[in-house]
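Architecture at a glance
As a plain string of letters, each chain reads:
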Amino acid sequence: MLQAKDIDLIGVIDLVKEKIQHLETCRSDIEFSTVLNEVEEFKKSSINECEYFKPIPHNRIRRVPRKADEIAVDEVIEDPLQNYKIKTYFIAFDTAITQIKERFNEISSGLFKDLSLFSRRRMEEISNDLNKLPVDAFKVFSDTYSKFVDREDLKREYVQFIKCYFNFEKVKLIPTRLHDSQSDTEDESIDHLQSYLEDSQSTQEPVEYFTIPKLPLNGCSLLTVLKVVKISGLQSVFPVLSIALKIAVTLPVASTTPERTF
């Protein structure tokens, strides 16, 4: 789910927090007992009556003699179920929780939330009501990239940018037909729009407004926003925001470390 092509970045963080809490709940003696009960129920309801479930072997305990200067005594776990719970069950959950928390720490989670404000969906939502802009918007982003971005300048440019962005998005993308025609299909408009966005060197001037076909709304829309800024010549008008967008679309993304845990 987290690898969806156009996922809401704020929703990602909330989902990750929810799953971390779920994993922490599962890492308990009560949940382990629940798992054991489910195993017993499965054994009783097994279709194959001849199937034999081998119990956990009770290995011989190896006692290590204590050295002369040692004070602590090794606590030997004799119960095989208790040994499995501590050395396998708990360790598996601890490893998964640690890896996910390291990947989605306070800085990376804050960056995801700040980057979501550049998505077309959030820009449209905030442009309709500027009071929806969070008071701490771009705080983590500006702290992380303070060498390139000033927070107050970014917020000021962002407020001005979202007021006019969708006008530039409409007027700078020339339609396949200059006049209304029922023969135009949505697929043709989408194909033309995507090809036009990819051609940032185009010098054609707009002729009139037209209906924008369906575009990404969430995480994938950041690149679309940056391309519209470039072809509209807005880089000099919103220099700080342009730099922030370039940083946003070039951030390396990987989820292999948490996935390797499983």
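As a reminder, the structure under discussion sits directly above these lines.
Residues numbered from 1 in each chain as written. Predicted model: local features only at pLDDT ≥ 70, side-chain atom pairs only at ≥ 80, totals over all residues. Heavy atoms only, no water.

In this section: the overall build of the chain. Looking only at helices and strands, the chain features 11 helices and 0 strands. Starting at the N terminus and ending at the C terminus, the chain contains elements arranged as α-α-α-α-α-α-α-α-α-α-α. Looking at the 262 residues of the chain, the share that counts as buried comes to 32%. Of the contacts formed within the chain by residues at least 6 apart in sequence, a portion of 71% connects residues at least 24 apart. (Helix = DSSP H or I, 4+ residues; strand = E, 2+ residues; numbered from the N terminus. Buried < 20%, exposed > 50% of the residue type's maximum accessible area, 1.4 Å probe, protein only. Contact = heavy atoms within 4.5 Å.)

Under the defined criterion, the tally for this structure stands at 7 salt bridges. Among the ionic pairs, Lys85 bridges to Asp29, the shortest N-O distance being 3.0 Å. Of the two residues, Lys85 is situated in helix H3 (residues 80–103) and Asp29 in helix H2 (residues 29–44); the sequence distance between them amounts to 56 residues. Its salt-bridge partner being Glu169, residue Arg120 comes within 2.9 Å of it at the nearest N-O pair. Taken together, the residues Arg120 in helix H5 (residues 120–128) and Glu169 in helix H7 (residues 151–171) connect sequence positions 49 residues apart. (Salt bridge = Lys/Arg side-chain N within 4 Å of Asp/Glu carboxyl O.)

Enumeration over the complete set of coordinates arrives at 13 aromatic pairs. Summarising the aromatic geometry, the rings of Tyr89 and Phe90 are spaced 5.8 Å apart at their centres and angled 50 degrees between planes, so their arrangement reads as tilted. In this structure Tyr89 comes out as buried when scored by relative accessible area, which is 10%. Both rings, one in Phe118 and one in Phe138, keep their centres 5.3 Å apart while their planes meet at 35 degrees; by these two values the pair is tilted. Of this pair, Phe118 sits in the loop between helix H4 (106–116) and H5 while Phe138 sits in the loop between H5 and helix H6 (139–144), and the two are 20 residues apart along the sequence. Comparing Phe118 with Phe138, the two get one shared label, buried. One aromatic cluster in this structure is built from Phe32, Tyr84, Tyr89, Phe90 and Phe93. The aromatic ring of Phe90 is capped on one face by Arg27, whose charged end is 4.2 Å from the ring centroid. The cationic tip of Arg103 hangs over the ring face of Phe104; the distance from NZ or CZ to the ring centre is 5.3 Å. (Phe/Tyr/Trp six-rings, centres within 6.5 Å; stacked < 30°, edge-to-face > 60°. Lys NZ or Arg CZ within 6 Å of the ring centre and 35° of its normal.)

Turning our eyes to something else, we now look at the nonpolar core. With 49 residues, the main nonpolar core has Phe118, Met123, Phe141, Leu154, Tyr158, Phe161 and Leu241 as its most contacted residues. If you list the elements that add at least two residues to this core, you get helix H1 (9–26), H3, H4, H5, H7, helix H9 (221–231) and helix H10 (239–249). The element contributing the most residues to this core is H7, with 8 residues. Sequence-distant contacts of Leu154, that is, excluding residues within four places in its chain, are made with Phe118, Phe138, Phe141, Val149, Val240, Leu241 and Ala244. (Core = buried A, V, L, I, M, F, W, Y, C linked by side-chain atoms within 4.5 Å.)

Before going further, it helps to spend a moment on H9. Burial of H9 is extensive: 8 of the 11 residues sit out of reach of the surface. Residues of H9 that are buried include every one of Ser221, Leu222, Thr224, Val225, Leu226, Val228, Val229 and Ile231, and no others. Of the residues flanking the end of H9, it is Gly233, one or two places downstream, whose phi is positive at about 70 degrees.

Axis separation between H9 and H10 bottoms out at 10 Å; the angle between their running directions is 145 degrees. For H9 against H10, the interelement crossing comes out left-handed. Here Leu222, Leu223, Val225, Leu226 and Val229 of H9 come into contact with H10, specifically with Ser242, Leu245, Lys246, Ala248 and Val249. Residue composition of the contact of H9 with H10, by class: 8 nonpolar, 1 polar and 1 charged. (Axes fitted to C-alpha atoms, helices over the stretch in contact; angles between N-to-C directions. Left-handed = near helix turned anticlockwise from the far one by under 90°. Nonpolar A, V, L, I, M, F, W, Y, C, P; charged D, E, K, R; others polar.)

Okay, H3 next. Under the 1.5 Å per step criterion, the end-to-end length of H3 is 34 Å for 24 residues, consistent within 8% with the ideal 34 Å. For H3, the principal kink sits at Ile91 and spans about 30 degrees. Of all the positions in H3, only Pro80, Lys85, Tyr89, Phe90, Phe93, Ala96, Ile97 and Ile100 are classed as buried. The opening residue of H3 is Asp79, an N-cap whose side-chain oxygen sits 3.3 Å from the backbone nitrogen of Leu81. (Expected span 1.5 Å × (residues − 1). Bend = angle between axes of the 7 residues up to and from the residue. Polar contact = N/O pair within 3.5 Å; in protein donor to acceptor, adjacent residues only side chain to side chain.)

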